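One letter stands for each residue in the lines below.
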Amino acid sequence: YVIHYGEALDIFLLLGEERALLIDTAYGRGELPNLVYSLCEGKELLVVNTHEHFDHTGGNRWFPRVHMHPNAFANCDRAFGPLDDTWLANMPYPDYEKVPVDDGYVFELGGRDVEVLWTPAHCQSSLSFIDHKRRLLFCGDEFDSGQANLGEFQSVGAFLKNCKRLKERETEFDFIMPNHNGCPIANVYLDDFITAAQNVIDGCPDLDTKEGLPG
């Protein structure tokens, strides 16, 4: 299931034969936990964060334990702004368990294995996931159809390394599932991102004018 949350944010619920995996918890508002559990078909629910940013972790307190990269532990509960105390008081697990997962970990859902890749560039806690059953790559905020979401020039090298690693494994997935700006996207996007990042590192970026683009 793709749960479209708000204007430009998607989170994902993967069902195996025995367990379900929720990839990210968005801001946690509204009927998120009820919706998720209603879709789980009674299966055990596992929860994981792609990275520490609050639009991906805000609903963590609805669940007793959440898997994440160890680098996310310190900041995963840090909101972008003030939080409503009444809303927080209604969340049942303020001290939920943070379970570390790292590169190579596999979520075994029953007939559906989801492999974890550590792909830090947008964020040092970024994880991506290959769903070997459905041949999908979930990439968090590392890239989408509109952008490579990088905060500083130094991260371009890490981004290029990640893209090349994923390119080497592109026979294992057909589509890429970013959290923002629409999914799925074709895995050929990797070629464009590799070219763009390499050109930036080589000092010859492709520059496009914004003239004529919609506001």
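What you see is a predicted model; the values in this text were computed from it and never measured.

Undergrad: It is not clear to me how the layout of surface pockets should be interpreted in this structure. Could you clarify?
TA: Empty space among the atoms can be located by rolling a probe the size of a water molecule over them. Roughly 240 Å³ of volume is contained in the largest pocket. Mapped by element, the contributors of at least two residues to the lining of the largest pocket are helix H4 (155–168) and helix H5 (189–201). Sorting elements by how many residues they give to the lining of the largest pocket places H5 first, with five residues. Taken together, the residues of the lining of the largest pocket break down into 10 nonpolar, two polar and two charged. One number sums up the size of the second largest pocket: a volume of about 160 Å³.

Undergrad: Which parts of the structure should I look at to understand the sheet that holds strand E7 (residues 106–108)?
TA: The strands making up a sheet associate through hydrogen bonds between their backbones, and the pairing can be parallel or antiparallel. With mixed pairing, six strands are arranged side by side in an open sheet as E7-E8-E9-E10-E11-E12. Of all strands in the sheet, those bounded by a partner on one side alone are E7 and strand E12 (185–186). Looking at chain direction, strand E8 (residues 113–118) and strand E9 (residues 127–131) are connected through five bridges and run antiparallel. Residue pairing for E9: Trp-118 is matched across the bridge by Leu-127.

Undergrad: Sorry, what's going on with the packing of aromatic side chains here?
TA: Describing an aromatic ring pair means giving the distance of the ring centres and the angle of the ring planes. For the coordinates displayed, the defined rule picks out nine aromatic pairs. An angle of 35° between the planes, with centres 6.4 Å apart, marks the rings of Tyr-5 and Tyr-27 as tilted. Here Tyr-5, found in strand E1 (residues 2–5), pairs with Tyr-27, found in the loop between strand E3 (19–23) and helix H1 (32–39); they are 22 residues apart in sequence, far enough to count as distant. Overall, Tyr-5 belongs to the buried group, its relative accessible area being 16%. Taking 5.6 Å as the distance between ring centres and 85° as the angle between the ring planes, the aromatic pair formed by Phe-159 and Phe-193 counts as edge-to-face. Of this pair, Phe-159 sits in helix H4 while Phe-193 is found in helix H5, placing the two residues 34 residues apart along the sequence. Classification of Phe-193 as buried rests on a relative accessible area of 12%. Put simply, the rings of Tyr-5, Tyr-27, Phe-54 and Phe-80 touch in pairs and so form one group of aromatic residues. Sitting over the ring of Trp-87, Arg-29 keeps its end group 3.9 Å from the ring centre.

Undergrad: Quick question: what am I supposed to make of the pairing of E1 here?
TA: As a general feature of sheets, a regular strand has side chains that alternate between the two faces. Every second residue of E1 is oriented toward a common face, the buried set being Ile-3 and Tyr-5 and the non-buried set Val-2 and His-4. Bridging between E1 and strand E2 (residues 9–15) involves four bridges; their strand directions are antiparallel. Residue His-4 lies in a different strand from E2, and its bridge partner there is Asp-10. Counted along the chain from E1 to the antiparallel partner E2, the turn is three residues long, and its residue Gly-6 has a positive phi close to 75°.

Undergrad: Hey, could you run me through the nonpolar core in this one?
TA: For soluble globular proteins, nonpolar side chains are generally found buried alongside one another. Core analysis: the largest hydrophobic core is formed by 23 residues, its most contacted members being Leu-13, Leu-22, Val-36 and Leu-45. Of all the secondary-structure elements, those providing two or more residues to this core are E1, E2, E3, H1, strand E4 (44–48) and strand E5 (65–68). Residue contacts for Leu-22: discarding those within four places in its chain leaves Ile-11, Phe-12, Leu-13, Val-36, Leu-45, Leu-46, Val-47, Val-48 and Phe-63. The next biggest cluster of nonpolar side chains, apart from the first, holds 18 residues, and it includes Ala-121, Ile-130, Phe-159 and Leu-160.

Undergrad: Would you mind showing me how to read the pairing of E9 here?
TA: Counting buried residues along E9, five of its five residues qualify, which places the element largely inside the surrounding structure. Burial of the side chains of E9 extends over both faces: Leu-127, Phe-129 and Asp-131 are buried on one face and Ser-128 and Ile-130 on the other.

Undergrad: Help me understand the environment of Phe-159 in this model?
TA: You can call Phe-159 buried: its relative accessible area is 3%. Along the primary structure Phe-159 and Phe-193 are separated by 34 residues, whereas in three dimensions their C-alpha atoms are 8.8 Å apart. Setting aside its immediate chain neighbours within four residues, Phe-159 contacts Ala-121, Glu-142, Phe-143, Ala-148, Leu-150, Phe-193 and Ala-197.

Undergrad: For this particular structure, what's the right way to read the packing of H4 against H5?
TA: Packed helices, taken two at a time, are described by the angle their axes make and the gap between the axes. H5 packs onto H4 with a crossing angle of 150° between their chain directions and a minimal axis gap of 9 Å. Where H4 crosses over H5, the two elements pack in a sense that is left-handed. Residues Val-156, Gly-157, Phe-159, Leu-160, Cys-163, Lys-164, Leu-166 and Lys-167 of H4 pack against Leu-190, Asp-191, Phe-193, Ile-194, Ala-197, Gln-198, Val-200 and Ile-201 of H5. Here the residues of the contact of H4 with H5 sort into 11 nonpolar, two polar and three charged.

About the cut-offs
Residues numbered from 1 in each chain as written. Predicted model: local features only at pLDDT ≥ 70, side-chain atom pairs only at ≥ 80, totals over all residues. Heavy atoms only, no water. 1 Å grid on protein atoms, 1.4 Å probe; cavity = no way out; pocket = protein on both sides within 12 Å on 5 of 7 lines; lining within 4 Å. Points joined across faces, edges and corners; volume = space filled by probe spheres on them. Helix = DSSP H or I, 4+ residues; strand = E, 2+ residues; numbered from the N terminus. Nonpolar A, V, L, I, M, F, W, Y, C, P; charged D, E, K, R; others polar. Pairing = 2+ DSSP bridges. Phe/Tyr/Trp six-rings, centres within 6.5 Å; stacked < 30°, edge-to-face > 60°. Buried < 20%, exposed > 50% of the residue type's maximum accessible area, 1.4 Å probe, protein only. Lys NZ or Arg CZ within 6 Å of the ring centre and 35° of its normal. Core = buried A, V, L, I, M, F, W, Y, C linked by side-chain atoms within 4.5 Å. Contact = heavy atoms within 4.5 Å. Axes fitted to C-alpha atoms, helices over the stretch in contact; angles between N-to-C directions. Left-handed = near helix turned anticlockwise from the far one by under 90°.

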